[in-house]
Amino acid sequence: QVQLQESGPGLVKPSGTLSLTCAVSGASISSSESNWWSWVRQPPGKGLEWIGEIYHSGSTNYNPSLKSRVTISVDKSKNQFSLKVSSVTAADTAVYYCARQFGGPVDYWGQGTLVTVSS
Amino acid sequence: DIQMTQSPSSLSASVGDRVTITCRASQGISNYLAWYQQKPGKIPKVLIHGASTLQSGVPSRFSGSGSGTDFTLTISSLQPEDVATYYCQKYNSVPLTFGGGTKVEIK
């Protein structure tokens, strides 16, 4: 059974950098030829926003609305991938999900982690 | 970027009713469309991909149709456990945009 688990600070100061890691078990990022690994966020009471994705080769795609502030990276030795969002504001407060995509749609999600941007 | 517009934003229906949710893409996306169900306080779950392919384990009362720019999700007989917010997502190209969601409640 594939499992994803997000970890990272739940509180980030405005203008700071949000950093999260997603640990993957039950599947190998390195050998998942048909999967991309992604981040999705959901502000409290609002809808889903796709942030970006990474392939095991390190290739990335980002949402243009966030591209200038977002970096997604992969650590195949630890079977995990990470998200960084710089220059955060209150508008970045959300539940952040890591996820596995199968040709586009998500088939496995992490449980999500709430990140609040506040001083 | 292609925008995804769902309608209605919310609906209330009786148990046993047929419910239809619409998703419209601002440009053609062929059949690269998925539907998700998110129950209150839970993570999203994929119901349909390829516009009409039911994900394994999803009840047959759920169905999807459409191609190009116009898509529908139909619940043939609404059940109490179907109370949730439903999202469409296009995946023909990045960004993999979600629709704004449709909240389904029981009348």
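A few points on the structure.

## Here's the deal with the overall build of chain B
Item 1. Of regular secondary structure, chain B possesses zero helices and 10 strands.
Item 2. Across chain B, helices and strands are ordered from the amino to the carboxyl terminus as β-β-β-β-β-β-β-β-β-β.
Item 3. Taken against the 2.2 N^0.38 rule, which gives 13 Å for 107 residues, the C-alpha radius of gyration of chain B at 13 Å falls within 12% of a compact globule.
Item 4. Its C-alpha atoms give chain B principal-axis dimensions of about 35 × 25 × 25 Å.
Item 5. Sorting the 107 residues of chain B into buried and exposed places 46% on the buried side.

## What about the state of the cysteines?
Item 1. All chains considered together, the criterion is met by two disulfides over all chains.
Item 2. Each sulfur of the disulfide joining C22 of chain A and C98 of chain A lies 2.1 Å from the other. What sets the handedness of the C22 of chain A and C98 of chain A disulfide is the S-S torsion sign, and at about 60° it is right-handed. Here C22 of chain A is found in strand β3 (residues 18-25), whereas its partner C98 of chain A is found in strand β9 (residues 94-102), with 76 residues between them in sequence. Of the two residues examined, C22 of chain A and C98 of chain A, each falls in the buried class.
Item 3. Disulfide pairing is shown between C23 of chain B and C88 of chain B; the S-S distance is 2.1 Å. Given an S-S torsion of about 70°, the disulfide between C23 of chain B and C88 of chain B has right-handed geometry. Residue C23 of chain B is located in strand β3 (residues 19-25), and its partner C88 of chain B is located in strand β9 (residues 84-90); the two are separated by 65 residues in the primary sequence. The same class applies to C23 of chain B as to C88 of chain B, namely buried.

## Structural notes on the nonpolar core
Item 1. Counting 26 residues, the largest nonpolar core has L18, W39, F81 and L83 of chain A as its most contacted members.
Item 2. Mapped onto this core, the elements with two or more residues apiece are β3, β4 (35-42), β5 (49-54), β7 (70-75), β8 (80-85), β9 and β11 (113-117) of chain A.
Item 3. In this structure, L11, I29, L33 and A51 of chain B belong to the second largest nonpolar core, which totals 24 residues.

## Some points on the pairing of strand β1 (residues 4-7) of chain B
Across a regular strand the side chains alternate sides, sitting on one face of the sheet and then on the other.
Residue and element names in this part refer to chain B.
Item 1. Going residue by residue along β1, you find M4 and Q6 tucked away on one face and T5 and S7 left uncovered on the opposite face.
Item 2. Pairing of β1 with β3 involves four bridges; the strand directions are antiparallel. Residue pairing for β3: Q6 is matched across the bridge by C23.

## Details of the sheet that holds strand β4 (residues 33-38) of chain B
Within a sheet, adjacent strands bond to each other through the backbone by hydrogen bonds, running parallel or antiparallel.
Residue and element names in this part refer to chain B.
Item 1. Within the open sheet, the six strands sit side by side as β2-β10-β9-β4-β5-β6. Their pairing is mixed. On the outer flanks of this sheet lie β2 (10-13) and β6 (53-54), each paired with one strand and no other.
Item 2. Here two bridges tie strand β5 (residues 45-49) to β6, and the two strands are oriented antiparallel to one another. Counterpart to I48 in the pairing with β6 is L54.

## Section: the interface of chain B and chain A
Item 1. Each partner contributes to the interface: chain B provides 17 residues, whereas chain A provides 22 residues.
Item 2. Between chain B and chain A the total buried area reaches about 1500 Å² when both faces are included, carbon and sulfur atoms providing 69% of it.
Item 3. If you sort the residues of chain B by the area they bury against chain A, I43, L96 and F98 of chain B come out on top, with a joint share of 33%.
Item 4. Applying the counting rule to chain B against chain A returns zero salt bridges.
Item 5. Put simply, chain B and chain A have five residue pairs in polar contact (both at pLDDT 80 or more) between them.
Item 6. Broken down by secondary-structure element, the contributors of at least two residues to the side of chain B that touches chain A are β4, β5 and β9 of chain B.
Item 7. Considering every element that reaches the side of chain B that touches chain A, the biggest residue donor is β4 of chain B, with three residues.

Parameters and conventions
Residues numbered from 1 in each chain as written. Chains lettered and ligands numbered in written order. Predicted model: local features only at pLDDT ≥ 70, side-chain atom pairs only at ≥ 80, totals over all residues. Heavy atoms only, no water. Helix = DSSP H or I, 4+ residues; strand = E, 2+ residues; numbered from the N terminus. Rg over C-alpha atoms; globule rule 2.2 N^0.38 Å. Buried < 20%, exposed > 50% of the residue type's maximum accessible area, 1.4 Å probe, protein only. Disulfide = S-S within 2.5 Å. Core = buried A, V, L, I, M, F, W, Y, C linked by side-chain atoms within 4.5 Å. Pairing = 2+ DSSP bridges. Contact = heavy atoms within 4.5 Å. Buried area = accessible area lost by both parts, 1.4 Å probe. Salt bridge = Lys/Arg side-chain N within 4 Å of Asp/Glu carboxyl O. Polar contact = N/O pair within 3.5 Å; in protein donor to acceptor, adjacent residues only side chain to side chain.

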